[in-house]
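Spelled out from the first residue to the last, the chains are:
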Amino acid sequence: MADRSTGPLGLGATARRFLQLFAVCGLCGVLVAALFVPAVAVVGVTASDTSNLLNTLPDTLTVTPPAQATKVLANDGSVIASFYSQNRQEIQLADMSPYIKNGIVAIEDARFYEHGGIDPTGILRALAATVSGGREGASTITQQYVNNVIIEQLVAEGKGDQAKLGSQKTLVDKLKEMKLAIGMEQKYSKDQILQGYLNIIYFGNGAYGIQAAAKLYFNVSAKDLTLPQAAALAGVVNSPGYYDPLTQPAHVIARRNDVLAKMLQQGKITTAQEKQAAAAPLALHVNKQAQGCVAASTAPYFCDYIQQLVLNDPAYGATVDARTKFLYQGGLTIRTTLDPKLQAVAQQQVDSTMGATDPLQRGAALVSVQPGTGKVLTMAQNTKYNPAAAPGNYMGNFALPVNDVNGQPLHGSGGFQIGSTFKPFVFAEWLRTGHSMMTPINGAVRLYPWGYPWQNSCGVTTGAYDPALPDSHLLPNDEPNYYFEQSAMEGLYNSINTVTFQTATQLDFCNIQKMATAAGILDGKTNKPYDLSAIANLIGTQDVAPINMATAFATFASGGIRCEPIALASITDGTGKSYPVPSANCQRTMSQDVAAGVTYALKNVLTRGSGYKIPVDKSTDIFAKTGTSDGNIETWTVGATSGIATASWFGSYQGNDANWVNQDIMINGRFYTVVDGADLAGGQWAALMNAAGGTYPGQSFAQPPASMLANTPPLVASPNGPTPVQSSPGG
């Protein structure tokens, strides 16, 4: 890149510059001769010494791709966000306006297509300008390209402080640059060099390369630059600070008109074109694009999820630094699974449920996955994504666990108490062990003394519901009038705690845990299996991330096939090279009969159970389960069709004590005595599922086997506890 002086040089500086340029001029012939004839043919002491020096300098330069911006795309190809250390998008010369190609040559290197890398005429011209007290660049486009390639490589290696610009260069540096320029001309065509140059040079204000500059200053592609636009940008590269279109428009117009005059002089445009372009206003159409997830207006938390997936995966580099370079400099196209239309619905819903500035710091979140594929389709929450903001504004991703299964950070909240949404997994184990969902269960049993013989073949389960003990009480139901005999299925869809506990008396807690783990349930803070060492956890006192709840219910919806959630569809770089992305690893983890039994029972939640008021389209096969923690602090609706599974959460993300209860409270102009899972969480869940019906239609679920629907004698709990069950989930 040429340097620009803002004033005349002093006498001493002029003399030094004169001697240096004179030396360079004198050595140009020696340099060219040394590259094409044997050194012994170069006569004279000075020539011999110079030849020895030249022989120590490299004559070829490996051109590596410069840092390019990475684009993160939704599943329809729309852009979610960009990541870059330098805002650059490499394009072909054919995709650049002929005006920018001709303009840059006219102003920077008029004899570009005539010289062999260095221009003795230009050096003499620079020498004359120096003698007369001025200053003029002598570097050819090829030399400037060489210089920029060297700087880019130093920056990529973390050695940017070693880069030399303008007067920092020694005579040896200049000779090295010249020799490399001649070597480059022998290796690449003129058009290849010009293409590389226009893709690498800096145009100011964070724009590297002509495509980024065209987008920044005029909001057009480089191919569509008009003559006055192209001439303005061609003039900027000489000194992006002095010729800054944003702050120095007068300087830019004057320089633009110099470019136009040069183009006219060289026969690249007509007199009429030159006059018309020179009279045109600068007419900027600035399009500053913020980078990173802060700029992802529709899916910033999903964007952050994608960022962490790349930064955590050794497939993209051996170290975090290497993976960061891969993401920010690799010029990647990262295609994701996000459905932008459905995401817009999800975001609108959570924003309507609770504002980001809620003084009680309550959150709302929706996350959806596709059964049978694991594709993450939506991920929305009501808080404003801004990692740099004050505490309370950005609290992490509500949808995710704290870390991934390898212990790498996901910026997740770690999940929330899931309440009664855990009951379907107890019910699934009930069915798997051969019980009928029609078995009558005594829902009046509320006393479970300390030492009750719960079975847990992989640990110990303790706890009590016994008012004779300090700080204990009888097992309660949310519905005060439901302490009576009802079927196991009725107990599930009405969400009756006492029925769940009575079925658990006949089950091995270890196998309940295995059933939940097989479906996708993990502790959101530790990624360990759901803890059933305490009997209270049967009704959801553990924290689970919404994405894992959606995955688990998708396992029911897909007939027992569990797929790991995936968000990356493909990653390619600018050369078309593909990189591996994680597989959903879909596997059967539950029998089809058990999955059919659970979906059959949970469909009743929406028609006559705890979620009967949820305004979801019930004309298709759809099921759900509501959940509410003590104090109504955390509330859930999780459910699915065969086409989409969604976890919806509303609650406090600050804690689970009495300070954060959602009772006797006004929300969006409505007073709630209590906020249940079917209320706010249920409403936003229904809106999303209704919107998804056309794109992800559900098919009819399989019917459970007759044995699961058979009328059986009432359950009579054994005073000695359950009969041991040795088989494992999935059988």
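Predicted model only: the values in this text are computed from it and were never measured.

Caption draft 1: Structural context of the sheet that holds strand β15 (residues 634–640). Judged by pairing direction, the sheet is antiparallel, and its 5 strands sit side by side in the order β5-β4-β16-β15-β14 without closing on themselves. Strands with a single pairing partner mark the edges of an open sheet, and in this sheet they are β5 (376–381) and β14 (623–628). Adjacent strand axes in the sheet meet at a mean angle of 5°, parallel and antiparallel pairs treated alike. Looking at chain direction, β15 and strand β16 (residues 645–652) are connected through 7 bridges and run antiparallel. Along β16, the bridge assignment pairs E634 with G651.

Caption draft 2: A look at the confidence of the model for the protein chain. On average, residues of the protein chain carry a pLDDT of 88, and 85% of them reach 70 or more. Under a pLDDT of 50 for its full length, residues 32–51 has, in the predicted model, 14 contacts with residues more than four places off or in other chains. This model gives residues 722–731 a pLDDT under 50, and the stretch forms 29 contacts once residues within four places in sequence are excluded.

Caption draft 3: Molecular detail of the pattern of salt bridges. A complete count under the given rule lists 10 salt bridges for this structure. Across the salt bridge formed by E185 and K190, the nearest N and O atoms sit 2.8 Å from each other. Under the relative-accessibility criterion, E185 is labelled buried at 15%. The class for K190 is buried, based on a relative accessible area of 16%. A salt bridge links D621 to K603; its shortest N-O distance comes to 3.3 Å. You can see D621 sitting in the loop between α20 (592–602) and β14 and its partner K603 sitting in the loop between α20 and β14, a full 18 residues away along the chain. Of the two residues examined, D621 and K603, each falls in the buried class.

Caption draft 4: Seen up close, the pairing of strand β4 (residues 362–369). Where burial is concerned, most of β4 is hidden: 8 out of the 8 residues are buried. The alternating pattern of β4 places R362, A364, L366 and S368 on one face and G363, A365, V367 and V369 on the opposite face, and all of these are buried. Judged from the 5 bridges that link them, β4 and β5 form a sheet pairing that is antiparallel. The residue bridging L366 from the neighbouring strand is A380, located in β5.

Caption draft 5: Structural context of the sheet that holds strand β12 (residues 578–579). Read across the sheet, 5 strands follow the order β2-β1-β3-β11-β12 without closing on themselves; strand pairing throughout is mixed. The sheet is open, and its two borders are formed by β2 (79–83) and β12, each paired with just one other strand. Two strands pair when backbone bridges link them, and strand β1 (residues 70–73) and β2 are joined in this way by 4 bridges, in the antiparallel orientation. Each residue of the ladder has a partner; that of T70, found in β2, is F83. Against the sheet, helix α12 (residues 300–312) engages β1, β2, β3 (333–336) and β11 (568–572), with an angle of about 45° to β2.

Caption draft 6: Molecular detail of the pairing of β15. Here β15 lies mainly inside the structure; 7 of its 7 residues are buried. Judged by which residues are buried, β15 turns out to be covered on both faces: E634, W636, V638 and A640 on one side and T635, T637 and G639 on the other are all buried. As judged from the 6 bridges shared by β14 and β15, these two strands associate in the antiparallel manner. Counted as the bridge partner of G627 is W636 from β15. Linking β14 to β15, which pair antiparallel, is a turn of 5 residues; within it G631 sits at a positive phi near 75°.

Caption draft 7: Focus on helix α10 (residues 249–265). Helix length check: α10, at 17 residues, gives a terminal C-alpha distance of 24 Å against a target of 24 Å (1.5 Å per residue), a fit within 8%. Every buried residue of α10 is listed here: V252, R255, R256, V259, L260 and M263. Projected down its long axis, α10 carries its buried residues within an arc of 150°, all on one side. Opposite the packed face of α10, turned more than 90 degrees from it, sit the exposed residues A250 and Q265. Taken from the residues just after α10, G267 is the one with a positive phi, measuring 75°.

Caption draft 8: Here's a closer look at unusual backbone geometry. Of note in the backbone geometry, N632 takes a positive phi value of approximately 55° without being a glycine. With respect to the element layout, N632 can be found in the loop between β14 and β15. For N668, which is not a glycine, the phi torsion comes out positive at approximately 55°. You can see N668 is positioned in the loop between β17 (663–667) and β18 (670–674).

Caption draft 9: Region of the structure containing the side chain of Q417. Relative to the helices and strands, Q417 is located in strand β6 (residues 416–417). On the basis of relative accessible area, Q417 is assigned to the buried category, the value being 17%. In this structure Q417 touches G540, T541, Q542, D543, S629, E634, W636 and N656, once residues within four positions along its chain are discounted.

Caption draft 10: View of the state of the cysteines. Evaluation of the coordinates by the stated rule reveals 3 disulfides. In this model, C293 is linked to C303 through a disulfide, with the two sulfur atoms separated by 2.2 Å. Here the disulfide of C293 and C303 is left-handed, its torsion about the S-S bond being about -80°. One end of the pair, C293, is in the loop between α11 (271–279) and α12; the other, C303, is in helix α12, with 10 residues separating them in the sequence.

Caption draft 11: Region of interest: α20. Counting buried positions along α20 gives 8 out of 11 residues, so the element sits mostly inside the fold. Taken as a whole, α20 has its buried residues at V594, A595, A596, G597, V598, T599, A601 and L602. Where α20 is buried, its residues meet α15 (423–432), α16 (488–493), α18 (509–519), α19 (546–557) and β14.

Caption draft 12: Here's a closer look at the environment of Q266. Checked against the element boundaries, Q266 lands in the loop between α10 and α11. The class for Q266 is partly exposed, based on a relative accessible area of 28%. Measuring from C-alpha to C-alpha, the distance between Q266 and A110 comes to 8.0 Å, with 156 residues separating the pair along the chain. With near-sequence residues (within four places) excluded, Q266 lies in contact with A106 and A110. Only 3.2 Å separates the side chain of Q266 from the backbone oxygen of A106, close enough to count as a polar contact.

Caption draft 13: Layout of the packing of aromatic side chains. On inspection of all chains with the given rule, the structure shows 27 aromatic pairs. Ring centres 5.0 Å apart and planes at 90° place the aromatic pair Y242 and Y243 in the edge-to-face group. Judged by its relative accessible area of 27%, Y242 falls in the partly exposed class. Exposure remark for Y243: the relative accessible area of 7% places this residue in the buried category.

Reading the values: rules and limits
- Residues numbered from 1 in each chain as written.
- Predicted model: local features only at pLDDT ≥ 70, side-chain atom pairs only at ≥ 80, totals over all residues.
- Heavy atoms only, no water.
- Pairing = 2+ DSSP bridges.
- Helix = DSSP H or I, 4+ residues; strand = E, 2+ residues; numbered from the N terminus.
- Axes fitted to C-alpha atoms, helices over the stretch in contact; angles between N-to-C directions.
- pLDDT = per-residue confidence, 0-100.
- Contact = heavy atoms within 4.5 Å.
- Salt bridge = Lys/Arg side-chain N within 4 Å of Asp/Glu carboxyl O.
- Buried < 20%, exposed > 50% of the residue type's maximum accessible area, 1.4 Å probe, protein only.
- Expected span 1.5 Å × (residues − 1).
- Arc of directions from axis to C-beta.
- Disulfide = S-S within 2.5 Å.
- Polar contact = N/O pair within 3.5 Å; in protein donor to acceptor, adjacent residues only side chain to side chain.
- Phe/Tyr/Trp six-rings, centres within 6.5 Å; stacked < 30°, edge-to-face > 60°.

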